[in-house]
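Working through the structure, step by step
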Amino acid sequence: MKRFISDTMRSVVSTPNAPKAIGPYSQAIKANGQLFVSGCIGLDKDTMDFSSPTIEGQTEKVLENMAAILEAGGSSLKSVVKTTILLKDINDFAAVNAIYGKFFPVDPPARATYAVAALPKNALVEIECIALLEE
């Protein structure tokens, strides 16, 4: 197996304060001073069911879950540099922005938003991010 110089700089982040991964992936990976958070959907960490049927409720839960993963990895929402938002319906763009703006009120990260045909567990929104590690 080929080793990369950065292998020693890579570690898995996992926290019970956010829903466990629903497939063969990690909640996040720390590598070279950055934290790569997998796509989060609006699941309750205890029941693994959606906390809300609405786009607003799911978006809020997504960002709460993401914040828990960031904290476990040594970062926070204020250190996020890039997010990617996946929407089941592009007509939810404004509603997601309203909630998203509450979590990133100052100097929000770079971002891309896409409408997709479907999301895991029929979620309405999924968000992933890249953050800098905090000292």
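Residues numbered from 1 in each chain as written. Predicted model: local features only at pLDDT ≥ 70, side-chain atom pairs only at ≥ 80, totals over all residues. Heavy atoms only, no water.

Our next topic: the overall build of the protein. Each helix and strand in the protein was counted, giving 2 helices and 6 strands. Of the regular secondary structure in the protein, the N- to C-terminal order runs β-β-β-α-β-α-β-β. Its C-alpha atoms give the protein a radius of gyration of 15 Å, within 12% of the compact-globule value 14 Å for 135 residues. The buried share among the 135 residues of the protein stands at 39%. Considering only intrachain contacts with a sequence separation of at least 6, the fraction spanning at least 24 residues in the protein is 70%. Of the roughly 7,600 Å² of accessible surface on the protein, 55% is carried by carbon and sulfur atoms. (Helix = DSSP H or I, 4+ residues; strand = E, 2+ residues; numbered from the N terminus. Rg over C-alpha atoms; globule rule 2.2 N^0.38 Å. Buried < 20%, exposed > 50% of the residue type's maximum accessible area, 1.4 Å probe, protein only. Contact = heavy atoms within 4.5 Å. Areas by Shrake-Rupley, 256 points an atom, 1.4 Å probe, with all protein chains shown as cover.)

Moving on: the pairing of strand 4 (residues 80-87). One face of the sheet, then the other: side chains in a regular strand alternate in exactly this way. The sheet contact formed by strand 4 and strand 6 (residues 125-132) spans 7 bridges and is antiparallel. Counterpart to leucine 86 in the pairing with strand 6 is glutamate 126. Of the strand pairs in this sheet, strand 4 and strand 5 (residues 110-115) are connected by 6 bridges, and their pairing is parallel. Bridge pairing in strand 5 links threonine 83 to arginine 111. At this point the chain moves from strand 4, through helix 2 (residues 93-103), to the parallel strand 5, and the crossover so formed is right-handed. (Pairing = 2+ DSSP bridges. Right-handed = clockwise from strand over helix to strand, strands pointing away.)

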